[in-house]
Amino acid sequence: KFVAIGFMAMGVANVFMDFRIQGAICVAVAAILWIRDGGISRMTGTRLLQLVVVCTAAGGILGGAMLATSEEFAKRREQSNVGRSVGIKVAAVAISDSPLIGYGSWPMDTRLVNLYYQSMEETGQFSPGEQRGAIFTAHSQVLQGWVEGGLLGALFWFFYGYGLVRSGWYVVK
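None of the values given here were measured: they were computed from a predicted structure. (Residues numbered from 1 in each chain as written. Predicted model: local features only at pLDDT ≥ 70, side-chain atom pairs only at ≥ 80, totals over all residues. Heavy atoms only, no water.)

Participant: Whenever I open this one, the packing of helix α1 (residues 2–16) against helix α2 (residues 20–36) confuses me. Can you help?
Facilitator: The relative placement of two packed helices is expressed as an angle between their axes plus a distance between the axes. Two elements in contact, α1 and α2, have axes separated by 7 Å at closest approach and are oriented at 165 degrees. As far as their axial angle goes, α2 and α1 are roughly antiparallel. At the point where α1 passes α2, the crossing takes the left-handed sense. Residues Val3, Ala4, Ile5, Phe7, Met8, Met10, Gly11, Asn14 and Val15 of α1 form the contact with α2, whose own contacting residues are Gln22, Gly23, Cys26, Val27, Val29, Ala30, Leu33 and Trp34. (Axes fitted to C-alpha atoms, helices over the stretch in contact; angles between N-to-C directions. Helix = DSSP H or I, 4+ residues; strand = E, 2+ residues; numbered from the N terminus. Parallel < 35°, antiparallel > 145°, perpendicular 65-115°, else oblique. Left-handed = near helix turned anticlockwise from the far one by under 90°. Contact = heavy atoms within 4.5 Å.)

Participant: Looking at this structure, how should I read the packing of aromatic side chains?
Facilitator: What describes a pair of aromatic rings is the distance from one ring centre to the other and the angle between the planes of the rings. The final tally for this structure, using the stated rule, is four aromatic pairs. With a centroid separation of 5.0 Å and an interplanar angle of 80 degrees, the aromatic rings of Phe156 and Trp157 are classed as edge-to-face. On the accessibility criterion, Phe156 (47% relative accessible area) is partly exposed. Look at Trp157 and you get partly exposed, because its relative accessible area is 25%. With 5.6 Å between their ring centres and 90 degrees between their planes, Trp157 and Tyr160 make a pair best called edge-to-face. With Trp157 and Tyr160 both in helix α6 (residues 141–172), this residue pair falls three residues apart, about one helical turn. Tyr160 sits in the partly exposed class, given a relative accessible area of 42%. (Phe/Tyr/Trp six-rings, centres within 6.5 Å; stacked < 30°, edge-to-face > 60°. Buried < 20%, exposed > 50% of the residue type's maximum accessible area, 1.4 Å probe, protein only.)

Spatial relationships are all this shows, so hold off on functional conclusions.
Written out as structure tokens, the structure reads:
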């Protein structure tokens, strides 16, 4: 339980530094550690109720931390969300153009890079004269794997995700 509290504190601290995903992962680990503290046991009605209560409390703590920092990091989060949606849009174009073999590591196709920065300018996130990089990122491991490695790159991440879900369920159960 002490380690679970430590992970919860680390998760909340990460959210207060605007590392949302890292904070959510730490809070999820804290919830799992709290639930698993008693050792391996069968899933009974009491155990299921405990699971629901712990997950609800962890979600409430994470949500409260996000709400407490929403004003402080609003501009950065908005920029991140816009960058994510633009990255997904450009990745969809890249995948539709080359779904099987992809573009290789660090996609530098000038048409895709220009589409990315043009879309960012349209949303007001970049000014027209701002320094630009030579690559774009999809802001998603699965989409980035598909853009870079084609269908096999995407299948790797789906297989990896399936393994994470299976092992995560085993750890929680």
